[in-house]
Amino acid sequence: MIRYALKCIVEHEFEAWFSSSNGFDEQVAQGLVECPMCGSRAVSKAIMSPMVRTTKGKDAPTSLAEAQQAVAEALHRLRRHVENTHDYVGSGFATEARDIHEGLAPDRPIYGEATPDEVRGLVEDGVPVAAVPVFSPPSAIDAETKVPVLPAPSPVIDKKLN
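Residues numbered from 1 in each chain as written. Predicted model: local features only at pLDDT ≥ 70, side-chain atom pairs only at ≥ 80, totals over all residues. Heavy atoms only, no water.

Visitor: Got a sec to walk through the sheet that holds strand 1 (residues 2-8)? Specific residues and values, please.
Guide: Pairing is antiparallel in the open sheet, where 3 strands are placed in the order 2-1-3. Two strands bound the open sheet, and with one partner strand each, they are strand 2 (13-18) and strand 3 (43-45). Pairs of neighbouring strands in the sheet enclose a mean axial angle of 45 degrees, with direction left out of account. Sheet topology note: the strand 1/strand 3 ladder contains 3 bridges and is antiparallel. (Pairing = 2+ DSSP bridges. Helix = DSSP H or I, 4+ residues; strand = E, 2+ residues; numbered from the N terminus. Axes fitted to C-alpha atoms, helices over the stretch in contact; angles between N-to-C directions.)

Structure, rendered in structure tokens:
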């Protein structure tokens, strides 16, 4: 397995694991690699530094299953935090996020659903949004399914998530 730092055409950065370097190339060629923030399939490798393990800090997970469990728990905590601290606006997310961005609605943290096309439109218009993890298998989600999103947070450390 190999981990790559990736970025999409609108400069969102994320990481993904592949079986090999060829596996990455094949999946990109087939349009299977997608930005988790905006859904863009125009994805390329980003510059990344090598991972160096040290003996300080927490022990790294010893298996892929442990790593997946740790990620799932972190995503669940994030989802719970968003649901507890943001206003749910449902399928009107795109309109409400745009109104907040343009100063037409009160500035507040919100979350809701938007189609991939609505998310792309928000990103293209400079409205900062981020995807919230959905706990369902990818095969159950089609191109027109609404996906949960929320405005990208300002760089504030929330100690409740640590």
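Visitor: With reference to specific residues and values, describe the nonpolar core.
Guide: Counting residues in hydrophobic clusters, the biggest one holds 23 residues, and the most contacted among them are Leu6, Phe18, Phe93, Leu122 and Val129. Looking at this core, the elements that each hand over two or more residues are strand 1, strand 2, helix 3 (93-101), strand 5 (110-114) and helix 4 (116-124). Looking at this core, the element that brings in the most residues is helix 3, giving 4 residues. The contacts of Leu122, once residues within four sequence positions are left out, are Phe93, Ala94, Arg98, Val127 and Val129. (Core = buried A, V, L, I, M, F, W, Y, C linked by side-chain atoms within 4.5 Å. Buried < 20%, exposed > 50% of the residue type's maximum accessible area, 1.4 Å probe, protein only. Contact = heavy atoms within 4.5 Å.)

Visitor: Lay out the pattern of salt bridges with the relevant residues and their values.
Guide: Between side chains of opposite charge, a pair can form as their charged atoms come close. Applying the stated criterion across every chain, the model contains 8 salt bridges. Residue Glu34 pairs with Arg41 through a salt bridge whose shortest N-O separation is 3.2 Å. Taking relative accessible area as the criterion, Glu34 reaches 39% and is therefore assigned partly exposed. Across the pair Arg98 and Asp125 runs a salt bridge, and its minimum N-O distance is 2.5 Å. Highlighted residues: Arg98 in helix 3 and Asp125 in the loop between helix 4 and strand 6 (129-131), separated in sequence by 27 residues. On the basis of relative accessibility, which here comes to 48%, the residue Asp125 falls in the partly exposed class. Taken together, the shared-partner salt bridges connect Asp87, Glu96 and Arg108 into one network. (Salt bridge = Lys/Arg side-chain N within 4 Å of Asp/Glu carboxyl O.)

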